Amino acid sequence: MATEIELKRGLQGVYIDKTQSSFIDGTEGKLLYRGYSIHDLAEMATFEETVYLLLYSKLPNQAELDAFDAELRANRAIPAEVLEIIRLTKDAHPMDVLRTAVSATASFDPDTADNSPEATLRKGIRLTAQAPTIVTAHARIVQGKEPVAPNPNLKQAANFLYMLFDKEPTAAEARLMEKDFVLHAEHGINASAFAARVAASTISDLHSAVVSGIGTLKGPAHGGAAEEVMKMALDIGEEDRAEEYTRGILESGGRVMGFGHRVYKVEDPRARHLKAECEALGMERGQPKWFSILSKVAEVMEPYRARGICPNVDFWAGAMYHLLEIPKDIFICIFAMGRIPGWTVQVMEQHSNNILLRPLLLYEGPMDLEYTPLDQRS
Ligand code: SDX
(Lines give C-alpha, C1' and ligand atoms only; values in the text may rest on other atoms or scores of the structure.)
Protein backbone atom coordinates (compact mmCIF):
# COMPACT_ATOMS: atom_id res chain seq x y z
CA MET A 1 0.00 0.00 0.00
CA ALA A 2 1.40 3.47 -0.96
CA THR A 3 2.44 5.41 2.13
CA GLU A 4 -0.07 8.17 2.86
CA ILE A 5 1.89 11.40 2.35
CA GLU A 6 0.74 14.42 4.37
CA LEU A 7 1.73 17.64 2.64
CA LYS A 8 2.62 20.54 4.93
CA ARG A 9 2.59 23.43 2.47
CA GLY A 10 4.45 26.48 3.76
CA LEU A 11 5.75 24.14 6.48
CA GLN A 12 2.77 25.41 8.49
CA GLY A 13 2.95 24.13 12.07
CA VAL A 14 6.09 22.08 11.37
CA TYR A 15 8.85 22.09 14.00
CA ILE A 16 12.21 21.62 12.24
CA ASP A 17 14.60 22.01 15.18
CA LYS A 18 15.06 23.18 18.76
CA THR A 19 16.13 26.69 19.72
CA GLN A 20 17.04 28.72 22.79
CA SER A 21 16.96 32.12 21.10
CA SER A 22 13.26 33.07 21.21
CA PHE A 23 9.98 31.64 22.40
CA ILE A 24 6.81 32.55 20.53
CA ASP A 25 3.31 31.58 21.68
CA GLY A 26 0.98 32.55 18.85
CA THR A 27 -2.22 31.91 20.77
CA GLU A 28 -1.16 33.86 23.87
CA GLY A 29 0.66 36.56 21.91
CA LYS A 30 3.83 35.96 23.88
CA LEU A 31 7.43 36.59 22.78
CA LEU A 32 10.56 35.95 24.85
CA TYR A 33 14.18 36.53 23.83
CA ARG A 34 16.20 33.90 25.72
CA GLY A 35 13.51 33.83 28.38
CA TYR A 36 13.04 37.57 28.80
CA SER A 37 9.70 39.15 27.88
CA ILE A 38 9.69 41.38 24.83
CA HIS A 39 7.64 43.82 26.91
CA ASP A 40 10.45 44.20 29.46
CA LEU A 41 13.16 44.38 26.80
CA ALA A 42 11.26 46.89 24.65
CA GLU A 43 10.60 49.19 27.59
CA MET A 44 13.82 48.78 29.60
CA ALA A 45 16.65 47.33 27.49
CA THR A 46 18.95 49.06 25.03
CA PHE A 47 19.57 47.58 21.59
CA GLU A 48 23.15 46.80 22.65
CA GLU A 49 21.91 44.91 25.73
CA THR A 50 19.39 42.99 23.61
CA VAL A 51 21.95 42.00 20.99
CA TYR A 52 24.37 40.91 23.73
CA LEU A 53 21.60 38.81 25.27
CA LEU A 54 20.86 37.14 21.94
CA LEU A 55 24.50 36.52 21.03
CA TYR A 56 25.87 35.56 24.46
CA SER A 57 22.72 34.05 26.03
CA LYS A 58 22.80 36.36 29.04
CA LEU A 59 22.09 39.97 29.93
CA PRO A 60 25.42 41.80 30.21
CA ASN A 61 26.73 43.43 33.37
CA GLN A 62 27.96 47.00 33.01
CA ALA A 63 31.53 46.05 32.10
CA GLU A 64 30.36 43.50 29.51
CA LEU A 65 27.90 45.99 28.04
CA ASP A 66 30.50 48.75 27.82
CA ALA A 67 32.95 46.43 26.06
CA PHE A 68 30.28 45.17 23.66
CA ASP A 69 29.04 48.67 22.90
CA ALA A 70 32.64 49.71 22.19
CA GLU A 71 33.07 46.72 19.87
CA LEU A 72 29.99 47.68 17.88
CA ARG A 73 31.10 51.31 17.63
CA ALA A 74 34.58 50.23 16.50
CA ASN A 75 33.17 48.13 13.65
CA ARG A 76 30.82 50.54 11.91
CA ALA A 77 33.13 51.49 9.05
CA ILE A 78 32.71 49.86 5.65
CA PRO A 79 35.53 49.28 3.13
CA ALA A 80 35.97 52.06 0.54
CA GLU A 81 35.38 49.47 -2.17
CA VAL A 82 31.96 48.66 -0.71
CA LEU A 83 31.08 52.36 -0.60
CA GLU A 84 32.05 52.51 -4.28
CA ILE A 85 29.67 49.64 -5.02
CA ILE A 86 26.93 51.54 -3.16
CA ARG A 87 27.55 54.54 -5.39
CA LEU A 88 27.46 52.33 -8.50
CA THR A 89 24.15 50.75 -7.43
CA LYS A 90 22.58 53.97 -6.15
CA ASP A 91 19.47 53.62 -8.34
CA ALA A 92 18.56 50.20 -6.88
CA HIS A 93 16.05 49.67 -4.06
CA PRO A 94 17.77 50.13 -0.68
CA MET A 95 17.22 46.48 0.21
CA ASP A 96 18.96 45.42 -3.01
CA VAL A 97 21.82 47.75 -2.15
CA LEU A 98 22.01 46.36 1.40
CA ARG A 99 21.99 42.79 0.04
CA THR A 100 24.70 43.65 -2.50
CA ALA A 101 26.85 45.58 -0.03
CA VAL A 102 26.69 42.81 2.59
CA SER A 103 27.72 40.36 -0.09
CA ALA A 104 30.61 42.58 -1.16
CA THR A 105 31.66 43.12 2.47
CA ALA A 106 32.41 39.39 2.65
CA SER A 107 35.31 40.00 0.25
CA PHE A 108 36.96 42.22 2.83
CA ASP A 109 36.12 40.44 6.07
CA PRO A 110 39.12 38.51 7.46
CA ASP A 111 36.84 35.83 8.93
CA THR A 112 34.60 35.13 5.92
CA ALA A 113 35.80 31.57 5.32
CA ASP A 114 35.87 30.74 9.04
CA ASN A 115 32.65 29.11 10.28
CA SER A 116 33.83 28.66 13.85
CA PRO A 117 31.39 30.01 16.47
CA GLU A 118 33.94 32.67 17.46
CA ALA A 119 34.38 33.87 13.87
CA THR A 120 30.65 33.79 13.13
CA LEU A 121 30.07 35.85 16.25
CA ARG A 122 32.68 38.40 15.17
CA LYS A 123 31.13 38.62 11.70
CA GLY A 124 27.62 38.98 13.14
CA ILE A 125 28.78 41.85 15.33
CA ARG A 126 30.56 43.50 12.39
CA LEU A 127 27.50 43.19 10.11
CA THR A 128 25.21 44.50 12.86
CA ALA A 129 27.52 47.50 13.18
CA GLN A 130 28.04 48.02 9.43
CA ALA A 131 24.44 47.69 8.21
CA PRO A 132 23.36 51.21 9.32
CA THR A 133 26.46 52.66 7.66
CA ILE A 134 25.55 50.92 4.38
CA VAL A 135 21.90 51.95 4.50
CA THR A 136 22.51 55.59 5.40
CA ALA A 137 25.36 55.98 2.91
CA HIS A 138 23.04 54.86 0.13
CA ALA A 139 20.14 57.00 1.35
CA ARG A 140 22.33 60.11 1.29
CA ILE A 141 23.95 59.30 -2.05
CA VAL A 142 20.44 58.94 -3.52
CA GLN A 143 19.69 62.45 -2.19
CA GLY A 144 22.85 63.78 -3.85
CA LYS A 145 24.59 64.15 -0.53
CA GLU A 146 27.78 62.67 0.84
CA PRO A 147 27.61 59.84 3.40
CA VAL A 148 28.10 60.86 7.03
CA ALA A 149 30.80 58.95 8.90
CA PRO A 150 29.69 56.98 11.97
CA ASN A 151 29.85 58.91 15.23
CA PRO A 152 31.73 56.86 17.87
CA ASN A 153 30.10 58.91 20.61
CA LEU A 154 26.62 57.67 19.76
CA LYS A 155 24.91 54.32 20.44
CA GLN A 156 23.62 52.23 17.54
CA ALA A 157 20.15 53.74 17.12
CA ALA A 158 21.24 57.33 17.64
CA ASN A 159 24.14 56.84 15.27
CA PHE A 160 21.81 55.48 12.58
CA LEU A 161 19.66 58.62 12.73
CA TYR A 162 22.78 60.80 12.90
CA MET A 163 24.26 59.26 9.76
CA LEU A 164 20.92 59.52 7.99
CA PHE A 165 20.20 63.18 8.82
CA ASP A 166 23.70 64.53 9.59
CA LYS A 167 22.17 65.80 12.82
CA GLU A 168 22.20 64.24 16.26
CA PRO A 169 18.71 62.98 17.14
CA THR A 170 16.94 64.01 20.31
CA ALA A 171 17.09 61.50 23.14
CA ALA A 172 13.42 60.72 22.52
CA GLU A 173 13.96 60.06 18.79
CA ALA A 174 16.97 57.85 19.53
CA ARG A 175 15.00 55.91 22.15
CA LEU A 176 12.14 55.38 19.67
CA MET A 177 14.52 53.98 17.07
CA GLU A 178 16.23 51.80 19.67
CA LYS A 179 12.93 50.34 20.82
CA ASP A 180 12.10 49.53 17.20
CA PHE A 181 15.43 47.74 16.74
CA VAL A 182 14.84 45.75 19.95
CA LEU A 183 11.38 44.71 18.73
CA HIS A 184 12.74 43.53 15.38
CA ALA A 185 15.90 41.79 16.64
CA GLU A 186 14.81 38.14 16.62
CA HIS A 187 11.71 36.10 15.90
CA GLY A 188 12.46 32.40 15.62
CA ILE A 189 12.17 30.58 12.32
CA ASN A 190 10.42 33.26 10.25
CA ALA A 191 10.94 33.06 6.49
CA SER A 192 14.18 35.06 6.43
CA ALA A 193 15.63 33.18 9.41
CA PHE A 194 14.68 29.93 7.68
CA ALA A 195 16.50 31.08 4.54
CA ALA A 196 19.54 31.92 6.63
CA ARG A 197 19.40 28.51 8.32
CA VAL A 198 19.12 26.71 4.98
CA ALA A 199 22.32 28.46 3.86
CA ALA A 200 24.01 27.65 7.17
CA SER A 201 22.86 24.02 6.96
CA THR A 202 25.02 23.52 3.84
CA ILE A 203 27.96 24.75 5.97
CA SER A 204 27.91 28.03 4.13
CA ASP A 205 29.11 31.19 5.88
CA LEU A 206 27.33 33.96 7.77
CA HIS A 207 27.59 36.55 4.98
CA SER A 208 25.87 34.14 2.58
CA ALA A 209 23.21 33.39 5.18
CA VAL A 210 22.57 37.09 5.86
CA VAL A 211 22.37 37.79 2.11
CA SER A 212 19.76 35.01 1.92
CA GLY A 213 17.92 36.56 4.85
CA ILE A 214 17.90 40.03 3.30
CA GLY A 215 16.61 38.73 -0.01
CA THR A 216 13.85 36.84 1.79
CA LEU A 217 12.90 39.64 4.16
CA LYS A 218 12.37 42.00 1.22
CA GLY A 219 9.06 40.47 0.22
CA PRO A 220 5.86 42.33 1.27
CA ALA A 221 4.52 39.12 2.82
CA HIS A 222 7.38 39.39 5.33
CA GLY A 223 9.46 42.48 5.98
CA GLY A 224 8.17 44.70 3.22
CA ALA A 225 4.85 45.34 4.96
CA ALA A 226 5.80 48.52 6.87
CA GLU A 227 6.50 50.37 3.61
CA GLU A 228 3.22 49.08 2.16
CA VAL A 229 1.26 50.16 5.26
CA MET A 230 2.61 53.71 4.97
CA LYS A 231 1.80 53.76 1.25
CA MET A 232 -1.74 52.69 2.19
CA ALA A 233 -2.01 55.44 4.83
CA LEU A 234 -0.77 58.06 2.34
CA ASP A 235 -3.23 56.72 -0.25
CA ILE A 236 -6.09 56.94 2.26
CA GLY A 237 -5.03 60.49 3.06
CA GLU A 238 -7.77 61.33 5.54
CA GLU A 239 -9.37 59.37 8.39
CA ASP A 240 -12.85 59.58 6.91
CA ARG A 241 -11.66 57.68 3.83
CA ALA A 242 -10.11 54.82 5.81
CA GLU A 243 -13.21 52.67 6.17
CA GLU A 244 -14.18 52.66 2.49
CA TYR A 245 -10.57 52.12 1.45
CA THR A 246 -10.06 49.17 3.80
CA ARG A 247 -13.33 47.54 2.81
CA GLY A 248 -12.31 47.98 -0.82
CA ILE A 249 -9.16 45.94 -0.23
CA LEU A 250 -11.03 43.22 1.60
CA GLU A 251 -13.91 43.01 -0.85
CA SER A 252 -11.46 42.60 -3.71
CA GLY A 253 -9.86 39.68 -1.86
CA GLY A 254 -6.70 41.68 -1.13
CA ARG A 255 -4.58 41.70 2.00
CA VAL A 256 -4.48 44.63 4.38
CA MET A 257 -0.79 45.11 4.97
CA GLY A 258 0.40 45.00 8.56
CA PHE A 259 -2.29 42.49 9.51
CA GLY A 260 -2.13 38.75 9.93
CA HIS A 261 0.68 36.44 10.90
CA ARG A 262 1.58 32.81 10.34
CA VAL A 263 2.06 32.24 14.08
CA TYR A 264 0.27 35.00 16.02
CA LYS A 265 -3.47 34.38 16.02
CA VAL A 266 -3.94 37.19 18.52
CA GLU A 267 -2.27 40.57 18.42
CA ASP A 268 1.49 40.50 17.80
CA PRO A 269 2.92 41.48 21.23
CA ARG A 270 5.38 43.83 19.54
CA ALA A 271 2.65 45.92 17.91
CA ARG A 272 1.42 47.63 21.10
CA HIS A 273 4.84 49.18 21.75
CA LEU A 274 5.01 50.76 18.30
CA LYS A 275 1.33 51.77 18.45
CA ALA A 276 1.94 53.80 21.61
CA GLU A 277 5.04 55.43 20.13
CA CYS A 278 3.25 56.18 16.86
CA GLU A 279 0.43 57.95 18.71
CA ALA A 280 2.76 59.95 20.96
CA LEU A 281 5.07 60.98 18.12
CA GLY A 282 2.14 61.99 15.94
CA MET A 283 0.84 64.29 18.69
CA GLU A 284 4.31 65.70 19.33
CA ARG A 285 4.91 66.39 15.63
CA GLY A 286 1.45 67.88 15.10
CA GLN A 287 0.56 65.05 12.71
CA PRO A 288 -2.01 62.91 14.57
CA LYS A 289 -3.67 61.99 11.28
CA TRP A 290 -1.50 58.96 10.52
CA PHE A 291 -2.33 57.35 13.86
CA SER A 292 -6.01 58.24 13.32
CA ILE A 293 -6.05 56.74 9.83
CA LEU A 294 -4.37 53.51 10.97
CA SER A 295 -6.62 53.32 14.02
CA LYS A 296 -9.62 53.48 11.71
CA VAL A 297 -8.16 50.74 9.51
CA ALA A 298 -7.66 48.63 12.64
CA GLU A 299 -11.26 49.31 13.65
CA VAL A 300 -12.54 48.07 10.30
CA MET A 301 -10.33 44.99 10.65
CA GLU A 302 -11.58 44.24 14.18
CA PRO A 303 -14.02 41.47 13.06
CA TYR A 304 -11.06 39.65 11.49
CA ARG A 305 -9.60 39.22 14.96
CA ALA A 306 -12.00 36.32 15.39
CA ARG A 307 -10.17 34.65 12.50
CA GLY A 308 -6.79 35.34 14.04
CA ILE A 309 -6.00 38.28 11.78
CA CYS A 310 -4.63 41.06 14.01
CA PRO A 311 -2.12 43.88 13.70
CA ASN A 312 1.48 42.66 13.44
CA VAL A 313 4.81 44.33 14.16
CA ASP A 314 4.75 46.16 10.83
CA PHE A 315 1.38 47.84 11.15
CA TRP A 316 2.42 50.86 13.25
CA ALA A 317 6.13 50.88 12.42
CA GLY A 318 5.77 52.58 9.06
CA ALA A 319 3.86 55.58 10.41
CA MET A 320 6.44 55.99 13.15
CA TYR A 321 9.29 56.00 10.63
CA HIS A 322 7.34 58.47 8.48
CA LEU A 323 6.94 60.80 11.46
CA LEU A 324 10.70 60.55 11.98
CA GLU A 325 11.00 61.68 8.33
CA ILE A 326 12.78 58.47 7.35
CA PRO A 327 12.50 57.81 3.59
CA LYS A 328 9.81 55.16 2.90
CA ASP A 329 12.02 52.94 0.81
CA ILE A 330 14.41 52.30 3.69
CA PHE A 331 11.71 51.23 6.16
CA ILE A 332 12.43 47.60 5.36
CA CYS A 333 16.16 48.17 5.82
CA ILE A 334 15.40 49.19 9.39
CA PHE A 335 13.82 45.78 9.89
CA ALA A 336 16.93 44.13 8.41
CA MET A 337 19.29 46.21 10.57
CA GLY A 338 17.41 45.08 13.67
CA ARG A 339 17.25 41.45 12.53
CA ILE A 340 20.91 40.77 11.71
CA PRO A 341 21.56 39.66 15.32
CA GLY A 342 18.61 37.26 15.09
CA TRP A 343 19.87 35.79 11.84
CA THR A 344 23.33 35.45 13.41
CA VAL A 345 21.91 33.54 16.36
CA GLN A 346 19.95 31.24 14.08
CA VAL A 347 23.05 30.54 11.97
CA MET A 348 25.13 29.80 15.07
CA GLU A 349 22.48 27.43 16.38
CA GLN A 350 22.29 25.69 13.01
CA HIS A 351 26.07 25.32 12.75
CA SER A 352 26.35 24.07 16.36
CA ASN A 353 24.20 20.99 15.72
CA ASN A 354 23.90 20.96 11.99
CA ILE A 355 21.69 18.89 9.74
CA LEU A 356 21.17 19.70 6.07
CA LEU A 357 17.75 21.33 5.57
CA ARG A 358 16.37 19.48 2.58
CA PRO A 359 12.60 18.78 2.58
CA LEU A 360 10.74 16.88 -0.13
CA LEU A 361 8.35 17.76 -2.95
CA LEU A 362 5.57 15.39 -3.93
CA TYR A 363 6.05 14.82 -7.68
CA GLU A 364 2.83 14.95 -9.75
CA GLY A 365 4.32 15.05 -13.24
CA PRO A 366 4.39 12.31 -15.91
CA MET A 367 6.53 9.21 -15.34
CA ASP A 368 8.98 7.21 -17.53
CA LEU A 369 8.31 8.93 -20.88
CA GLU A 370 10.20 7.71 -23.97
CA TYR A 371 12.77 10.20 -25.31
CA THR A 372 12.02 11.30 -28.89
CA PRO A 373 15.12 12.43 -30.78
CA LEU A 374 14.91 16.06 -32.00
CA ASP A 375 14.76 15.16 -35.71
CA GLN A 376 11.69 13.02 -35.03
CA ARG A 377 9.72 15.65 -33.16
CA SER A 378 6.96 17.51 -35.02
C1 SDX B 1 6.46 39.65 9.55
O2 SDX B 1 7.02 34.89 10.60
C3 SDX B 1 7.41 35.88 11.27
O4 SDX B 1 7.71 35.79 12.45
C5 SDX B 1 7.48 37.21 10.51
C6 SDX B 1 7.69 38.43 11.36
C7 SDX B 1 9.09 38.47 11.93
O8 SDX B 1 9.30 39.15 12.96
O9 SDX B 1 10.02 37.93 11.26
O10 SDX B 1 6.76 38.45 12.43
C11 SDX B 1 7.54 39.73 10.56
O12 SDX B 1 6.69 39.18 8.48
C13 SDX B 1 5.08 40.15 9.90
C14 SDX B 1 4.06 39.94 8.72
C15 SDX B 1 4.17 41.13 7.77
N16 SDX B 1 3.36 40.90 6.57
C17 SDX B 1 2.17 41.52 6.36
O18 SDX B 1 1.65 42.28 7.17
C19 SDX B 1 1.54 41.23 5.00
C20 SDX B 1 0.02 40.97 5.16
N21 SDX B 1 -0.16 39.73 5.86
C22 SDX B 1 -0.41 38.54 5.08
O23 SDX B 1 0.11 38.49 3.82
C24 SDX B 1 -0.44 37.25 5.89
O25 SDX B 1 -1.13 37.51 7.04
C26 SDX B 1 0.89 36.59 6.24
C27 SDX B 1 1.70 36.32 5.03
C28 SDX B 1 1.66 37.45 7.17
C29 SDX B 1 0.57 35.27 6.93
O30 SDX B 1 -0.11 34.52 6.01
P31 SDX B 1 -0.46 32.94 6.25
O32 SDX B 1 -0.13 32.53 7.63
O33 SDX B 1 0.14 32.17 5.13
O34 SDX B 1 -2.02 32.95 6.17
P35 SDX B 1 -2.82 32.93 4.81
O36 SDX B 1 -2.17 33.83 3.79
O37 SDX B 1 -3.06 31.50 4.46
O38 SDX B 1 -4.20 33.62 5.23
C39 SDX B 1 -5.14 32.87 5.99
C40 SDX B 1 -6.46 33.58 5.78
C41 SDX B 1 -6.76 33.83 4.30
O42 SDX B 1 -8.17 33.83 4.15
P43 SDX B 1 -8.86 32.57 3.41
O44 SDX B 1 -8.19 32.45 2.05
O45 SDX B 1 -8.55 31.38 4.31
O46 SDX B 1 -10.30 32.96 3.33
O47 SDX B 1 -6.42 34.88 6.38
C48 SDX B 1 -6.58 35.87 5.38
C49 SDX B 1 -6.26 35.21 4.06
O50 SDX B 1 -6.97 35.85 3.01
N51 SDX B 1 -5.61 36.93 5.64
C52 SDX B 1 -5.83 38.23 5.44
C53 SDX B 1 -4.63 38.86 5.81
N54 SDX B 1 -3.73 37.96 6.20
C55 SDX B 1 -4.34 36.76 6.10
N56 SDX B 1 -6.91 38.89 4.99
C57 SDX B 1 -6.78 40.25 4.91
N58 SDX B 1 -5.67 40.94 5.23
C59 SDX B 1 -4.58 40.28 5.69
N60 SDX B 1 -3.48 40.98 6.01
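Further up the page is the structure itself.
Throughout this description, residue numbers start from 1 for each chain and increase along the sequence as written. Totals for whole chains, interfaces and linings use all residues, but because this is a predicted model, local features are given only for residues with pLDDT of at least 70 and pairs of side-chain atoms are given and counted only at 80 or more. Side-chain metrics rest on all non-hydrogen atoms present in the structure, leaving aside hydrogens and water.

Secondary structure elements follow DSSP: runs of H or I no shorter than four residues count as helices, runs of E no shorter than two count as strands, and numbering proceeds from the N terminus. Of regular secondary structure, the protein chain possesses 16 helices and three strands. By the compact-globule yardstick of 21 Å for 378 residues, the protein chain fits well, its C-alpha radius of gyration being 22 Å. Considering only C-alpha atoms, the protein chain reaches an extent of 70 × 55 × 45 Å along its principal axes. The buried share among the 378 residues of the protein chain stands at 51%. Excluding contacts between residues fewer than 6 apart, the proportion of contacts in the protein chain whose partners are at least 24 apart in sequence is 75%. This radius of gyration counts C-alpha atoms alone. The globule rule is 2.2 Å times how many residues there are, raised to the power 0.38. Exposure categories follow from relative accessible area, calculated using a 1.4 Å probe and restricted to protein chains: below 20% of the type maximum is buried, above 50% is exposed, and the middle band is partly exposed. Throughout, a contact is declared for two residues whenever any of their heavy atoms are within 4.5 Å.

Attention shifts here to the pattern of salt bridges. Take a side-chain nitrogen of Lys or Arg and a carboxyl oxygen of Asp or Glu: if they are within 4 Å of each other, that pair is a salt bridge. One pass over the structure, following the stated rule, counts 25 salt bridges. For Lys179, the salt bridge is made with Glu43, and the minimal N-O distance between the two is 3.2 Å. Separated by 136 residues along the polypeptide, Lys179 in helix H8 (residues 171-184) and Glu43 in helix H1 (residues 38-44) bring together distant segments of the chain. Residue Lys179 is classed as buried on the basis of its relative accessible area of 6%. Among the salt bridges present, the one from Glu299 reaches Lys296, with a minimum N-O distance of 2.9 Å.

Below, the discussion takes up the nonpolar core. Working definition of a nonpolar core: buried Ala, Val, Leu, Ile, Met, Phe, Trp, Tyr and Cys residues. They are joined through side-chain atoms within 4.5 Å. Phe160, Met177 and Ile326 are the most contacted members of the largest nonpolar core, which totals 98 residues. Considering each element in turn, this core owes the most residues, 12 residues, to helix H16 (residues 331-352). With near-sequence residues (within four places) excluded, Met177 lies in contact with Ala157, Phe160, Leu161, Tyr321, Leu324, Ile326 and Ile334. Formed by six residues, the second largest nonpolar core is a distinct cluster that contains Val148, Ala158, Met163 and Ala174.

For the rest of this paragraph, the subject is the side chain of Thr128. Along the chain, Thr128 falls in helix H6 (residues 117-142). Overall, the relative accessible area of 1% leaves Thr128 in the buried class. Engagement of the side chain of Thr128 in a polar contact is seen with the backbone oxygen of Gly124, the distance being 2.7 Å. Ignoring anything within four residues of it in the chain, the contact list for Thr128 reads Phe47, Leu72, Gln156, Ile340 and Pro341. Two N or O atoms count as a polar contact when they lie within 3.5 Å, although within protein this holds only if one can serve as hydrogen donor and the other as acceptor, and sequence-adjacent residues are included solely when both atoms are side-chain atoms.

Right, let's talk about the packing of helix H13 (residues 271-284) against helix H15 (residues 313-323) for a bit. Put simply, H13 and H15 touch, their axes get as near as 8 Å, and they point 25 degrees apart. Looking at the two axes, H13 sits roughly parallel to H15. Judged by the sense of rotation from one axis to the other, the crossing of H13 with H15 is left-handed. Residues Ala271, Leu274, Lys275, Glu277, Cys278, Leu281 and Gly282 of H13 lie in contact with H15, whose contacting residues are Val313, Trp316, Ala317, Ala319, Met320 and Leu323. When residue character is reported, Ala, Val, Leu, Ile, Met, Phe, Trp, Tyr, Cys and Pro are called nonpolar, Asp, Glu, Lys and Arg charged, and the others, Gly included, polar. Of the residues assigned to the contact of H13 with H15, the class counts are 10 nonpolar, one polar and two charged. Convention adopted: a line fitted to C-alpha atoms gives each axis, helices being fitted over their contacting stretch, and angles between N-to-C directions are expressed from 0 to 180 degrees. Under this scheme an angle from 65 to 115 degrees is roughly perpendicular, one under 35 degrees roughly parallel, and one over 145 degrees roughly antiparallel; angles in between are oblique. Left-handed is the label given to a crossing in which the near helix is rotated counterclockwise from the far helix by less than a right angle, and right-handed is the label when the rotation is clockwise.

The next point concerns the site of the ligand. Neighbouring residues of the ligand: 23 residues in total, closest His187, Val256, His261, Arg270 and Arg339. Within the side chain of His261, an N or O atom sits 2.6 Å from an oxygen atom of the ligand. Within the side chain of Arg339, an N or O atom sits 2.8 Å from an oxygen atom of the ligand. Only the protein chains shown count as cover for residues, and the accessible areas themselves come from Shrake-Rupley with a 1.4 Å probe. Burial of the ligand by the protein amounts to 73% of the accessible area it has alone, namely 1100 Å². Grouping the constituent residues of the shell around the ligand by class yields nine nonpolar, eight polar and six charged. Nearness here has a simple test: a residue counts as near a molecule or strand if at least one of its heavy atoms is within 4 Å of that partner.

Here the focus is the environment of Phe291. Residue position: Phe291 is located in helix H14 (residues 289-301). A sequence separation of 284 residues divides Phe291 from Leu7, and the C-alpha atoms of the two residues are 41 Å apart. With residues near it in sequence (within four places) discarded, Phe291 still touches Lys275, Cys278, Glu279 and Trp316.

This part covers the sheet that holds strand E3 (residues 36-37). Following DSSP output, two strands are said to pair if at least two bridges run between them. The sheet built from three strands is open, its strands ordered E1-E2-E3 with antiparallel pairing. Edge strands, defined here as strands with exactly one partner in the open sheet, are strand E1 (22-25) and E3. Pairing geometry for E1 and strand E2 (residues 30-33), over four bridges, is antiparallel. Residue pairing across strands places Ile24 opposite Leu31, the latter belonging to E2.

Turning next to H6. Expected span of a helix: the number of residues minus one, times 1.5 Å. Between the first and last C-alpha of H6 there are 37 Å, a value that for 26 residues agrees with the 38 Å anticipated at 1.5 Å per step. Positive backbone phi, approximately 80 degrees, marks Gly144, located one or two places after H6.

At a minimum axis separation of 9 Å, helix H4 (residues 80-88) and H6 run at an interaxial angle of 40 degrees. Comparing the axis directions of H4 and H6 gives the class oblique. Here H4 runs over H6; the crossing is right-handed. Counted together, Leu83, Ile86 and Arg87 of H4 and Ile134, Ala137, His138 and Ile141 of H6 form the full contact between these two elements. Its residues assigned to classes, the contact of H4 with H6 shows five nonpolar, one polar and one charged.

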